[in-house]
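Notes for the structure review
Listed here are the chains, written in short residue letters.
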Amino acid sequence: MKLKISTFKEPKHTAVVTCVCWNNTEDVFSCSDDHKLLKWNLINNECMTVAAFAEDFFPTSMNLFPKTGQSGVKHQHDVILISTADGKFHIVNHNGRIEKSVVAHQGACLTAQWSPDGAGLLTGGEDGFVKIWSRNGLLRSSIVQSDVPCFNAKWSPDSGAILYTKGNCLVIKHLNSNSKINKWKAHEGLILCVAWNPNHNLIISGGEDGYAKIWDTFGQQVSISVKHDQPLTSVTWSPTGNMFVLGSYNLIRLCDLNGRSYCLDRPSTGSIYSISWSSDGTQLAAACANCHVLFAHIIERCICVVERAGVSVYSYMGRLLASPRIPRPETIGQATISLGPDTLAVIDHADRKLIQVFDLPTGLIVRSSTDNTVTKLTHKMTVSCIALSQTGPLNERQLALLDYNRDLYVVTVKETKPKMFKLGPQVLSITWSSETELLVGLRANSVVAWCCPRAATQPDWLTLTTVSKDISDLGRNPSIMNIEDGVVCVRRGNGSLLRISLASFPEKLLKHIAANMWDDALQLCRTVEDETLWACLAVLAWQYNQLPVAEEAFALIHQYHQVYYIQHLRNAIPEKLTTSQTLNSKTVLSN
């Protein structure tokens, strides 16, 4: 993954550009010390002056009213909030007219931000105050009074708390007065920029010491960057929260969720004071000290199209398949959405115990956003990550999920009464094979492959069909990248890749069974002579009503009670069992 960087040949501003923000996926606003507000159109490569402000108008931050889709006056979605060095914040409409100016601080007003729900705004100033205001600019409360300037302050994703800087410390204050303030030392020098992840609830900070650090909301350090030569002046998470961008002097760096660097570019821009993402998470705009506005596209990846306007699913030929109605699509992150060959699963933002699974069309008929079949699955705990299986028919589609306890569960989506079955605890990352129903999970010191996740209905079968391999030195927050032909690719905490051959024979066996090649499956097991392989064959043969194959396989893994029962069935009912009889026999066997 890389950034493709571009700028206009000649700068359109005549002084330092201090702030930028996106209006939509085509238009960008920029504001500069030349007292001008410009609007850039990336489709037509045009730049127009929206407003020329007074000579004492020196902007420090800019934020567009959030497009939350909630009720409110329609034109407010184009309202811009700008803070300035004279201690004021200004509410400006999309035509550049100042609707209201408010004196907020003694000294410069260093930061201003609308709340994510659009109900109010937050400012921080050189005087050490942090204040909350109504949407119309009326003071609600001065919630922080400090003896050092507040260089940056951010709302929590749910608008229930604020994060602000205090020298070299970070402070989280909940708006509920009964909650304790959480404060910790984060850097050796002043903290200049912070960002709060909208989906994973992680915080990133950048300081004068040249480090970028990722924290959880308890102040525990998740990761730390390499030391940069210059102070970090800007940082921002992508809309989905699965990566972020750092800005410094003649430097811009794209990193993943855990702080591992995708790419580093050194444009001759001077310091980068502000970076803003487009709503679809594919483009960047940056405010630069050399009077330029820098634009960048993310290239060399595949993209799931998630915008504020909604979620769209396209075929490889570019045909729109479906546009399911999902509330607040801007909150969707990579871990909270999963696309299968015929289904789309999304964790509900309002209730993260709820998962919505949408059926997608597989023929030539395109479904509208109103006629999608939706299956709702409810877990007993908050769900943090989901993954749909990638093979098999729709009625056998499986969903794997991780909850906040890091417990892994699997459920068959289209069962009449879907039931969650636990596969194991302490799982950090999961992925399905793209060719079979092989599910792989990563633990702190091992990689685990569940060859037959459906066997979770029988704990003994699940144990017999699970493969595990110990590994070490994974570092912080490792993740599984993919699995191909039984080889698992793991990204360590330091960014290096580790390939582990874990389940090559089980995956070959699963391919034979998916193709209904039972003789080949038997031959593979007889050749390899592995107990786990025989167990997989036994379980799958039983599930697919291949009783002779199941009898031989169960005998070779010493499950004699099941062999006797299969013999009883074959003697009692010589003809081939129907599907319903097979299901009944499973019930008897499980008892």
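Criteria and thresholds
In every chain, residue numbers begin from 1 and rise along the written sequence. Selection of residues for local features in this predicted model requires a pLDDT of at least 70, selection of side-chain atom pairs for listing and counting requires 80 or more, and totals for whole chains, interfaces and linings are taken over all residues. To obtain the side-chain values, all non-hydrogen atoms of the structure were used and water was disregarded. Strands are runs of DSSP state E lasting at least 2 residues, helices are runs of H or I lasting at least 4, and numbering of each runs from the N terminus. Only C-alpha atoms enter the radius of gyration; for comparison, a globular chain is expected to reach 2.2 Å times N to the power 0.38, where N is the number of residues. Between buried and exposed lies partly exposed: a residue is buried under 20% and exposed over 50% of the maximum accessible area for its type, with that area taken using a 1.4 Å probe on protein chains only. Any two residues having at least one pair of non-hydrogen atoms within 4.5 Å are treated as being in contact. Here the Shrake-Rupley method, with its probe set to 1.4 Å, supplies the accessible areas, and only the displayed protein chains count as covering residues. Charge assignment in this entry is limited to Lys and Arg as positive and Asp and Glu as negative, and neither His nor the chain termini are counted. Charge coordinates come from a single atom per side chain, which is NZ of Lys, CZ of Arg, CG of Asp or CD of Glu. Confidence scores per residue from the predictor, reported as pLDDT, run from 0 to 100. We call two strands paired when DSSP finds no fewer than two bridges between them. Every axis in this analysis is a line fitted to C-alpha atoms, fitted for helices over the stretch in contact. Angles between the N-to-C directions lie between 0 and 180 degrees. By nonpolar core is meant a set of buried Ala, Val, Leu, Ile, Met, Phe, Trp, Tyr and Cys residues that side-chain atoms within 4.5 Å join together. The rule for a salt bridge is simple: a side-chain nitrogen of Lys or Arg has to be within 4 Å of a carboxyl oxygen of Asp or Glu. To sort the angles, those under 35 degrees are grouped as roughly parallel, those over 145 as roughly antiparallel, those from 65 to 115 as roughly perpendicular, and the leftovers as oblique. Crossings are assigned a handedness: left-handed for a near helix turned anticlockwise from the far helix by less than a right angle, right-handed for a clockwise turn. Note on residue categories: nonpolar means Ala, Val, Leu, Ile, Met, Phe, Trp, Tyr, Cys or Pro, charged means Asp, Glu, Lys or Arg, and polar means any other residue, Gly included. In summary, the pairing rule links any two rings of Phe, Tyr or Trp, Trp by its six-membered ring, whose centres are within 6.5 Å, and it sorts them by plane angle into stacked for under 30 degrees, edge-to-face for over 60 and tilted for everything else. Over a ring means this: the NZ of a Lys or the CZ of an Arg is within 6 Å of the ring centre and within 35 degrees of the ring normal. In the analysis that follows, any N or O atom pair within 3.5 Å is treated as a polar contact, provided that within protein one partner can donate a hydrogen and the other can accept it, and provided that, for residues neighboring in sequence, both atoms belong to side chains.

**A word on the overall build of the chain**
Check the secondary structure of the chain and you find seven helices and 47 strands. Against the compact-globule benchmark of 25 Å for 591 residues, the chain has a radius of gyration of 28 Å, which places it among compact chains. With the principal axes as the frame, the chain shows a C-alpha extent of 95 × 50 × 50 Å. Counting all 591 residues of the chain, 54% fall into the buried class. Within the chain, residue pairs in contact and separated by at least 24 positions form 43% of the contacts whose partners lie at least 6 positions apart. As displayed, the chain has an accessible area near 26,500 Å², and 49% of this comes from carbon and sulfur atoms. Separation of charge centres in the chain, based on 54 positive and 52 negative side chains, amounts to 4 Å.

**Points about the confidence of the model for the chain**
For the chain, per-residue confidence averages 84 on the pLDDT scale, and 90% of positions sit at 70 or higher. Confidence scores differ between elements of the chain, with helix α7 (residues 579-590) showing the lowest mean pLDDT of 39 and strand β39 (residues 408-412) the highest of 94. A low-confidence stretch, residues 69-76 (pLDDT under 50), is modelled with six contacts involving residues beyond four sequence positions or located in other chains. Confidence over residues 363-371 falls short of pLDDT 50; this stretch has 14 contacts with residues more than four positions distant or in other chains.

**Quick word on the sheet that holds strand β17 (residues 182-185)**
An order of β14-β15-β16-β17 is seen for the four strands of this open sheet, with the pairing classed as antiparallel. The outermost strands of the open sheet, each flanked by one partner alone, are β14 (153-155) and β17. Neighbour-to-neighbour, the strand axes of the sheet open up by a mean angle of 15°, direction not taken into account. Across four bridges, strand β16 (residues 169-174) lies against β17 in antiparallel orientation. Bridging across to β17, Cys-169 finds its partner in Lys-185.

**Focus: the nonpolar core**
Formed by 48 residues in total, the largest nonpolar core has its most connected members in Val-447, Leu-509, Leu-537, Trp-542 and Phe-554. The greatest single-element share of this core, amounting to ten residues, is contributed by helix α4 (residues 531-543). By size, the runner-up hydrophobic cluster in this structure holds 16 residues, among which are Ala-335, Cys-385, Val-410 and Ala-456.

**Topic: the pairing of strand β13 (residues 139-145)**
Strand direction decides the pairing type here: strand β12 (residues 129-134) and β13, joined by five bridges, are antiparallel. Bridge pairing in β13 links Phe-129 to Gln-145. Between β12 and β13, which follow one another and run antiparallel, lie four residues, and Gly-137 among them has a positive phi close to 90°.

**Quick notes on the pattern of salt bridges**
Going through the model one piece at a time under the given rule, you end up with ten salt bridges. Linking Lys-414 and Asp-359 is a salt bridge whose minimum nitrogen-to-oxygen distance equals 3.0 Å. Placement of Lys-414 in the loop between β39 and β40 (421-424) and of Asp-359 in strand β35 (residues 354-359) is noted, with a sequence separation of 55 residues between them. Since its relative accessible area comes to 26%, Lys-414 is described here as partly exposed. Salt-bridge contacts for Glu-396 lead to Arg-454; the nearest nitrogen and oxygen are separated by 3.8 Å. Of this pair, Glu-396 sits in the loop between β37 (383-388) and β38 (398-403) while Arg-454 sits in the loop between β43 (446-450) and α1 (459-464); the two residues are 58 residues apart in sequence, bridging distant segments of the chain. Taking relative accessible area as the criterion, Glu-396 reaches 24% and is therefore assigned partly exposed.

**Structural notes on the sheet that holds strand β22 (residues 234-237)**
Across the sheet, which stays open at both edges, the four strands sit in the order β22-β23-β24-β25 with antiparallel pairing between neighbours. What marks the edges here is a single partner per strand, and that holds for β22 and β25 (261-265). The average angle at which neighbouring strand axes cross in this sheet is 10°, direction not considered. Here strand β24 (residues 251-256) pairs with β25 via four bridges, running antiparallel. When the bridges of β25 are listed, Leu-254 appears paired with Cys-263.

**Let's talk about unusual backbone geometry**
A positive phi angle, close to 65°, is found at Arg-406, a residue other than glycine. Topologically, Arg-406 is positioned in the loop between β38 and β39. Positioned with a positive phi, Asn-516 is a non-glycine residue whose angle comes to about 60°. Relative to the helices and strands, Asn-516 resides in the loop between α2 (504-514) and α3 (518-528). You can call Asn-516 exposed: its relative accessible area is 56%.

**Quick look at the packing of α2 against α4**
For any two helices packed against each other, the geometry is given by the interaxial angle and the distance between the axes. Here α2 crosses α4 at 25°, and the two axes come no closer than 10 Å. Classed by the angle they form, the pair α2 and α4 counts as roughly parallel. Considering how the two elements wind past one another, α2 and α4 form a crossing that is right-handed. Side by side, α2 and α4 meet where Phe-505, Pro-506, Leu-509, Leu-510 and Ile-513 of the first sit next to Leu-533, Cys-536, Leu-537 and Leu-540 of the second. Within the contact of α2 with α4, the residues separate by chemical class into nine nonpolar, no polar and no charged.

**Thoughts on the packing of aromatic side chains**
Applying the stated rule across the entire model yields eleven aromatic pairs. An aromatic cluster is present here, built from Phe-8, Trp-40 and Phe-295 joined pairwise through their rings. Over the ring of Phe-129 we find Lys-131, and its NZ or CZ is 5.3 Å from the ring centre.

**A few points about the side chain of Asn-197**
One can find Asn-197 in the loop between β18 (191-196) and β19 (203-207). Taking relative accessible area as the criterion, Asn-197 reaches 0% and is therefore assigned buried. At 3.0 Å, the side chain of Asn-197 and the backbone nitrogen of His-200 are in polar contact. Aside from chain neighbours lying at most four places away, what touches Asn-197 is Pro-157, Leu-202, Trp-237, Gly-241 and Leu-257.

**Digging into the environment of Val-448**
Topologically, Val-448 is positioned in strand β43. When sequence neighbours within four positions are dropped, the list of residues in contact with Val-448 reads Leu-439, Val-440, Gly-441, Arg-443, Thr-466, Val-467, Ser-468 and Leu-502.

**Re the environment of Glu-531**
With respect to the element layout, Glu-531 can be found in helix α4. Sequence spacing of Glu-531 and Lys-180 is 351 residues, and the spatial spacing of their C-alpha atoms is 55 Å. Other than its neighbours up to four places away in sequence, Glu-531 contacts Leu-464 and Ile-557.

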